[in-house]
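Residue-level structural notes
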Number of protein chains: 2
Amino acid sequence: MYAAIEAGGTKFVCAVSDDKFNIQARTHIPTTTPSETLGAVFAFFDQYTIEAMGVGSFGPIDANPASPQYGYITTTPKLAWANYDFLGALKAHYAQVPIAFTTDVNVAAYGEFKKGAGQGKQNVAYYTVGTGIGMGYIHHGQIYMGSQNPEAGHILVRRHEADTFAGACPYHGDCLEGMAAGPAIQQRWGKKGKDIAPNDAAWAIEAYYLAQACMTTTLFLSPDVIIFGGGVSKQSQLFPLIRSQFTKLLADYVSVPAADDYIVPVGLGDDAGITGALLLAAEQL
Amino acid sequence: MYAAIEAGGTKFVCAVSDDKFNIQARTHIPTTTPSETLGAVFAFFDQYTIEAMGVGSFGPIDANPASPQYGYITTTPKLAWANYDFLGALKAHYAQVPIAFTTDVNVAAYGEFKKGAGQGKQNVAYYTVGTGIGMGYIHHGQIYMGSQNPEAGHILVRRHEADTFAGACPYHGDCLEGMAAGPAIQQRWGKKGKDIAPNDAAWAIEAYYLAQACMTTTLFLSPDVIIFGGGVSKQSQLFPLIRSQFTKLLADYVSVPAADDYIVPVGLGDDAGITGALLLAAEQL
Ligand SMILES: Nc1ncnc2c1ncn2[C@@H]1O[C@H](COP(=O)(O)OP(=O)(O)O)[C@@H](O)[C@H]1O
Ligand SMILES: Nc1ncnc2c1ncn2[C@@H]1O[C@H](COP(=O)(O)OP(=O)(O)O)[C@@H](O)[C@H]1O
Ligand SMILES: [Zn+2]
Ligand SMILES: [Zn+2]
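Parameters at a glance
- Residues numbered from 1 in each chain as written.
- Chains lettered and ligands numbered in written order.
- Predicted model: local features only at pLDDT ≥ 70, side-chain atom pairs only at ≥ 80, totals over all residues.
- Heavy atoms only, no water.
- Contact = heavy atoms within 4.5 Å.
- Buried area = accessible area lost by both parts, 1.4 Å probe.
- Salt bridge = Lys/Arg side-chain N within 4 Å of Asp/Glu carboxyl O.
- Polar contact = N/O pair within 3.5 Å; in protein donor to acceptor, adjacent residues only side chain to side chain.
- Helix = DSSP H or I, 4+ residues; strand = E, 2+ residues; numbered from the N terminus.
- Nonpolar A, V, L, I, M, F, W, Y, C, P; charged D, E, K, R; others polar.
- Pairing = 2+ DSSP bridges.
- Axes fitted to C-alpha atoms, helices over the stretch in contact; angles between N-to-C directions.
- Near = heavy atom within 4 Å.
- Least-squares fit on C-alpha atoms with pLDDT ≥ 70 in both.
- Core = buried A, V, L, I, M, F, W, Y, C linked by side-chain atoms within 4.5 Å.
- Buried < 20%, exposed > 50% of the residue type's maximum accessible area, 1.4 Å probe, protein only.
- Donors = N, O, S within 2.8 Å, 3.2 Å for Na, K, Ca; no water.
- Tetrahedral: all angles 85-135°; square planar, octahedral: opposite > 155°, others 65-115°.
- Domains from an automatic or database assignment.
- Areas by Shrake-Rupley, 256 points an atom, 1.4 Å probe, with all protein chains shown as cover.
- Parallel < 35°, antiparallel > 145°, perpendicular 65-115°, else oblique.
- Left-handed = near helix turned anticlockwise from the far one by under 90°.

Quick look at the interface of chain B and chain A now. Residue-level contacts link 41 residues of chain B with 40 residues of chain A. Its largest share of buried area at the contact with chain A, chain B owes to Arg158(B), Phe220(B) and Tyr253(B), together 25% of the area lost on that side. Scanning the region where chain B abuts chain A turns up two salt bridges. Across the pair Asp174(B) and Arg158(A) runs a salt bridge, and its minimum N-O distance is 3.2 Å. Across the chain B-chain A interface, the total number found is 24 residue pairs in polar contact (both at pLDDT 80 or more). Elements that contribute at least two residues to the side of chain B that touches chain A include exactly strand E9 (133-139), helix H6 (202-221) and helix H7 (238-250) of chain B. When residues in the side of chain B that touches chain A are grouped by element, the largest group, seven residues, is from H6(B). Tallied by class, residues from the side of chain B that touches chain A come to 23 nonpolar, 13 polar and five charged.

Listed below in structure tokens is the structure:
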């Protein structure tokens, strides 16, 4: 069986599948301390014969195999997990099992590339807009990594002229994540995104920031598609707003696919990450 | 011999080298019409026996080999060259010569990667700050291309609080190029960059925009080094200003090399492009 872990800051999702990627069992484990959480993870997987494992982790993680801290969760505010050798702990328990280890957004990007809204494309940018904003990128069919993984959720954005919110990023204040992730929406409007009406002006402001992310993504990476997942992206009225603001910002400087095909919601819903982790597991064999 | 063309909007630089990349002859040809300019280019190269050619072209160009317009200069404001099949014209004249065809910034990035300030690095971002702003990127030793080449010179930037200049980009007004390329400096201050004193406040404003480019480059690409070339980058007092503003903007969110090693001037001076084009020519054999 293939094993998949989507390790989030709130919960770990673990699943096993057959070699056709049909999920046979799945569980949710709260993210508490490494020993407690991984204890439960091991208890779940130990019920099965695992051939290979794919892991998408919250982070930032060190994903550079040449680094001495390869496989560590590094500077997370979740202190029990800061500077924790996550991959090392998995390898200690599963010495014989090949393990693919990357970020949570990279596994979701990979799932969408292979089986979701990025199928048939070569260059797939995937954004999650949830508790934070993260981007994973598939470049010519491979997970993109430079010296480290991209952290495009923290790019600087231009403030919307009607927006006076200071920004919620502890590092940058009003960066993309600081202005457009779920907590920023909640702090700006005093209520959660899911409680804001679809026709509220809040969504035009949100779309303005996400359109800037699409523009910068286009100019740096030139992907074939930009996919949005995560809780905030469930607001489907955002997509036409993002597309029209993106088109205006780009001003036809480079040619891109029709906006309806270029800026799209996830195809796999909440299963993008687990699907990508299973696919990466299989590729270890 | 290897042949190199650095095709700019003002002039073409052509050179031939031996197989150790020692330049044997070089000429400058004004960029007028395709037939006139290429006539002079062919007259120069026809004096030599050319084994392979590397071309770095102004653009935008279509550099996607799968595209029907592959090898064309596309939407340039230089109308005689718009929608011109540049690679096709070269191939018609040099039917037996393998030709590497990419952007002017990509050849310079490649030259700096192999023989300049990017030597020994794997992921090298190169910016030219001259008449325009362009970026070329070497990713794990290869010229990066997504669906098309990056056009990172046109990303949105935040306006410096002391800057009231409207911006000079015909597409975006106050994008990076619109605020920080040579013509923007000249229009903002009413004189050319080379006539502005090194300690003038103009350079802090310039550095603020280039620091934003470094931040966005870091967050999207995670390169090992960011190299600046082009006329404006000859103002060496810019580098400490860019580095300190970059460090402040990034706020230690991701770890990068020491700023002095990370944000650097070209190592090959004005020869980066020709060097890269010769290297790419050799790799065609
Ligand atoms: N349907 C929704 N509409 C708008 N915002 C939502 C919705 N669902 C979740 N969110 C917001 O997204 C954030 C949670 O993101 P989510 O992607 O669900 O999880 P996480 O990022 O923690 O993995 C919260 O800030 C929440 O308010
Ligand atoms: N030493 C210098 N200091 C400041 N600006 C310069 C300098 N040299 C050239 N420039 C500016 O750079 C632009 C020309 O860029 P350059 O890189 O020389 O050529 P191009 O981009 O056309 O290939 C002009 O706007 C010019 O004013
Ligand atoms: Zn931030
Ligand atoms: Zn522009």
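There is more to say, and it comes next.
Next up on the list: the sheet that holds strand E2 (residues 11-17) of chain B. Residue and element names in this part refer to chain B. The mixed open sheet is built from five strands, whose spatial order is E3-E2-E1-E4-E7. Lying at the two open borders of the sheet, with one neighbouring strand each, are strand E3 (23-30) and strand E7 (99-103). In this sheet, neighbouring strand axes are inclined to one another by 15 degrees on average, regardless of whether the strands run parallel or antiparallel. Where strand E1 (residues 2-7) meets strand E4 (residues 52-57), six bridges bridge the pair, whose relative direction is parallel. Within E4, the position partnered with alanine 3 by the bridge is methionine 53. Across the face of the sheet, helix H2 (residues 86-93) comes into contact with E1, E2, E4 and E7 while running at roughly 160 degrees to E7. Running over the sheet, helix H9 (residues 272-283) touches E1, E2, E3, E4 and E7 and is turned about 135 degrees from E1.

Now for the site of ligand 1. Residue and element names in this part refer to chain A. As a structural note, the neighbourhood of ligand 1 is formed by Gly130, Thr131, Gly182, Pro183, Gly193, Lys194, Gly230, Gly231, Val232, Lys234 and Gln235. Note that an oxygen atom of ligand 1 is positioned 2.7 Å from one of the side-chain N or O atoms of threonine 131. In this structure, glycine 231 approaches ligand 1 through a main-chain N or O atom, which is 2.8 Å from an oxygen atom.

This brings us to the relation of the copies chain B and chain A. For the pair chain B and chain A, the superposition axis carries a translation of 0.0 Å, the fit reaches an RMSD of 0.0 Å, and the rotation angle comes to 180 degrees. Given the turn and translation reported, the copies of this chain are related as if by a two-fold rotation axis. Judged by C-alpha distance, Arg158(B) is the residue of chain B that lies nearest the rotation axis, at 2.9 Å.

This next bit is on the nonpolar core. Note that soluble globular proteins tend to have their nonpolar side chains buried in a common cluster. With 92 residues, the main nonpolar core has Tyr127(A), Leu176(A), Tyr127(B) and Leu176(B) as its most contacted residues. Excluding anything up to four places from it in sequence, Tyr127(B) contacts Phe220(A), Ile133(B), Gly134(B), Met135(B), Ala152(B), Leu176(B), Ala213(B), Thr217(B), Ile226(B), Ile227(B), Phe228(B) and Gly229(B). Val16(B), Phe44(B), Ile73(B) and Trp81(B) belong to the second largest nonpolar core, which has 31 residues in total.

Residues and elements named next belong to chain B. Taken together, the protein ligands of the zinc ion (ligand 4) are His154 (ND1), Cys169 (SG), His172 (ND1) and Cys175 (SG), with distances of 2.1 to 2.4 Å. What the four donor atoms of the zinc ion (ligand 4) show is an angle range of 105 to 119 degrees at the metal, which sorts the shape as tetrahedral. Linear spacing of the donor residues for the zinc ion (ligand 4) on their chain is H-x14-C-x2-H-x2-C. Of the two residues, histidine 154 sits in the loop between strand E10 (142-143) and helix H4 (176-180) while histidine 172 sits in the loop between E10 and H4, which places them 18 residues apart along the sequence.

Residues and elements named next belong to chain A. Domain annotation for chain A reports domain 1 (2-104 + 271-282) and domain 2 (117-266). Its C-alpha centre places domain 1 at a distance of 26 Å from the equivalent point of domain 2. Contact with domain 1, which involves ten residues of that partner, is made by seven residues of domain 2. At the boundary of domain 1 with domain 2, total buried surface from both sides reaches about 610 Å², with 50% on carbon and sulfur atoms.

As a further point, take the site of ligand 2. Residue and element names in this part refer to chain B. With respect to spatial proximity, the complete set of residues near ligand 2 consists of Gly130, Thr131, Gly182, Pro183, Gly193, Lys194, Gly230, Gly231, Val232, Lys234 and Gln235. The separation between an oxygen atom of ligand 2 and a polar main-chain atom of glycine 231 is 2.8 Å. With respect to ligand 2, the side chain of glutamine 235 contributes an N or O atom lying 2.7 Å from a nitrogen atom. In the complex, 64% of the free accessible area of ligand 2, which totals 560 Å², lies under the protein chains.

Once that is clear, we can look at the packing of H6(B) against H7(B). All names here are of chain B. Direction vectors running N to C along H6 and H7 enclose 50 degrees, while the axes themselves pass 8 Å from each other. Compared by their axis directions, H6 and H7 come out oblique. Once H6 is placed against H7, the crossing between them reads as right-handed. Touching Trp203, Ala204, Glu206, Ala207, Tyr208, Leu210, Ala211, Gln212, Cys214, Met215, Thr218 and Leu219 of H6 are Leu238, Leu241, Ile242, Gln245, Phe246, Leu249 and Leu250, all from H7. Its residues assigned to classes, the contact of H6 with H7 comprises 15 nonpolar, three polar and one charged.

Residue and element names in this part refer to chain A. For the zinc ion (ligand 3), the protein coordination sphere consists of His154 (ND1), Cys169 (SG), His172 (ND1) and Cys175 (SG), at 2.0 to 2.4 Å. Classification of the site at the zinc ion (ligand 3) rests on its four donor atoms, whose angles at the metal span 106 to 118 degrees, yielding the label tetrahedral. Written as a sequence motif, the donor arrangement for the zinc ion (ligand 3) is H-x14-C-x2-H-x2-C.

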